[in-house]
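Chain residues, written in single-letter form:
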Amino acid sequence: MNFFKITLLSTLLFTNGLFSQESNTEIKANENKIPENISKKTIARPAPSINGLQVHSLGIGLGQTFLKGDFGRNGEDSITIDIYHNYSASYSFDFLSNIHLSKHTYGNHHTVIPGIAFAIKSKFFQFDNFSPYALGGLGFYRPYVKDELGRSEAKTRFGANFGLGVELKLNNRMTTGIIGHYHNPFDTKQFGRPEIDGSYFKLLLTALYSFSGF
């Protein structure tokens with residue numbers, strides 16, 4: 001009887017040890033497979049990055065527009081909103097485009113200044129995430145005024161734009177800054193009245209959101 005009990009107990013212990021060894025072997029095999037599968041997926045599908053070149057940024061500029069020349073005689077300086085698009089073409093130069101439209105009233109007179117401006121932005125240097133820059137380029141403008149002689153003709157004109165600014169990159173997505181942007185549409189000749197000669201300067205706070213591409 002004792003011999004039977006000892007034999008039965010030995011058999012149970014041996015069987016339990018055998019299954020435990022197989023389970024440990026299976027667990028180790030699965031543990032070896034998991035990092036391999038994860039690493040393959042990680043290599044095949046890397047997380048997208050927007051650092052570096054070929055990055056688009058879209059945002060707004062909010063601030064004061066100061067009118068000069070005929071624009072200033074027929075309109076009042078006021079708060080305006082611009083739309084900006086920035087494309088990082090290299091580590092030192094960006095392509096900057098700007099769209100704006102505003103109406104400035106002064107008594108019974110007013111000035112309307114729509115424009116699309118394109119410029120090359122050159123960064124002086126970059127300290128950490130802070131960069132001062134200068135910009136210059138050309139654009140298309142269609143300004144007109146209303147004065148004591150009536151409303152002038154609205155003609156699409158070429159023009160130049162220049163500016164200075166600073167920008168601070170808050171993170172991989174958001175950039176804020178300040179820009180002083182000067183626009184000078186070429187003079188517009190008028191039939192039966194003096195030509196329209198004016199320019200305007202914008203001092204704006206900017207906020208742009210960056211993404212990798214369209």
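Residues numbered from 1 in each chain as written. Predicted model: local features only at pLDDT ≥ 70, side-chain atom pairs only at ≥ 80, totals over all residues. Heavy atoms only, no water.

Some words on the overall build of the protein chain
Now for step 1: When its secondary structure is counted, the protein chain shows 2 helices and 12 strands.
Now for step 2: Going from N to C terminus, the protein chain has its helices and strands arranged as α-β-α-β-β-β-β-β-β-β-β-β-β-β.
Now for step 3: For the protein chain, buried positions account for 34% of its 214 residues.
Now for step 4: Long-range pairs, those at least 24 residues apart, make up 59% of the contacts in the protein chain with a sequence separation of at least 6.
Now for step 5: Roughly 13700 Å² of accessible area belongs to the protein chain as shown, and the carbon and sulfur atoms make up 63% of that amount. (Helix = DSSP H or I, 4+ residues; strand = E, 2+ residues; numbered from the N terminus. Buried < 20%, exposed > 50% of the residue type's maximum accessible area, 1.4 Å probe, protein only. Contact = heavy atoms within 4.5 Å. Areas by Shrake-Rupley, 256 points an atom, 1.4 Å probe, with all protein chains shown as cover.)

What about the confidence of the model for the protein chain?
Now for step 1: Across the protein chain, the average pLDDT comes to 83, with 75% of residues at 70 or higher.
Now for step 2: Predicted confidence for residues 1–9 stays below pLDDT 50, and this span has 0 contacts to residues more than four positions away or in other chains. (pLDDT = per-residue confidence, 0-100.)

Observations regarding the pairing of strand S8 (residues 157–169)
Now for step 1: Where strand S5 (residues 130–141) meets S8, 12 bridges bridge the pair, whose relative direction is antiparallel. Within the sheet, the bridge partner assigned to Phe-130 lies in S8 and is Leu-168.
Now for step 2: Pairing of S8 with strand S9 (residues 174–185), which is carried by 11 bridges, proceeds in the antiparallel orientation. Within S9, the position partnered with Val-166 by the bridge is Ile-178.
Now for step 3: Adjacent in sequence and paired antiparallel, S8 and S9 are bridged by 4 residues. (Pairing = 2+ DSSP bridges.)

Notes on the pairing of strand S2 (residues 78–88)
Now for step 1: Both strand S1 (residues 56–69) and S2 contribute to a ladder of 10 bridges, which runs antiparallel. Opposite Leu-58, over in S2, you have His-85 as the bridge partner.
Now for step 2: Note that S2 and strand S3 (residues 93–106) share 6 bridges and pair antiparallel. Along S3, the bridge assignment pairs Ile-83 with Ile-99.
Now for step 3: In this antiparallel pair of consecutive strands, S2 and S3, the connection spans 4 residues.

Some remarks on the side chain of His-109
Now for step 1: By the element assignment, His-109 lies in strand S4 (residues 109–123).
Now for step 2: Among the polar contacts listed, one links the side chain of His-109 to the side chain of Asn-74, at a separation of 3.1 Å.
Now for step 3: Here His-109 is in contact with Arg-73, Asn-74, His-104, Lys-146, Asp-147 and Glu-148, once residues within four sequence places are set aside. (Polar contact = N/O pair within 3.5 Å; in protein donor to acceptor, adjacent residues only side chain to side chain.)

Comments concerning the environment of Asn-129
Now for step 1: Here Asn-129 shows up in the loop between S4 and S5.
Now for step 2: When the C-alpha atoms of Asn-129 and Leu-170 are compared, they prove to be 7.5 Å apart, with 41 residues separating the residues in sequence.
Now for step 3: With near-sequence residues (within four places) excluded, Asn-129 lies in contact with Glu-167, Leu-168 and Lys-169.

What to know about the packing of aromatic side chains
Now for step 1: Per the stated rule, a full pass over the model turns up 6 aromatic pairs.
Now for step 2: The interplanar angle of 15° and the centroid separation of 6.2 Å between the aromatic rings of Phe-95 and Phe-118 together place this pair among those described as stacked. Here Phe-95 is found in strand S3, whereas its partner Phe-118 is found in strand S4, with 23 residues between them in sequence.
Now for step 3: Aromatic side chains Tyr-141 and Tyr-200 sit 6.5 Å apart centroid to centroid with 80° between the ring planes, which places their arrangement in the edge-to-face category. Linking Tyr-141 in strand S5 with Tyr-200 in strand S12 (residues 198–211), this pair joins segments that are 59 residues apart in sequence. Grouping residues by exposure puts Tyr-141 and Tyr-200 together as buried.
Now for step 4: Among the aromatic side chains, those forming a connected cluster through ring pairs are Phe-71, Tyr-141 and Tyr-200. (Phe/Tyr/Trp six-rings, centres within 6.5 Å; stacked < 30°, edge-to-face > 60°.)

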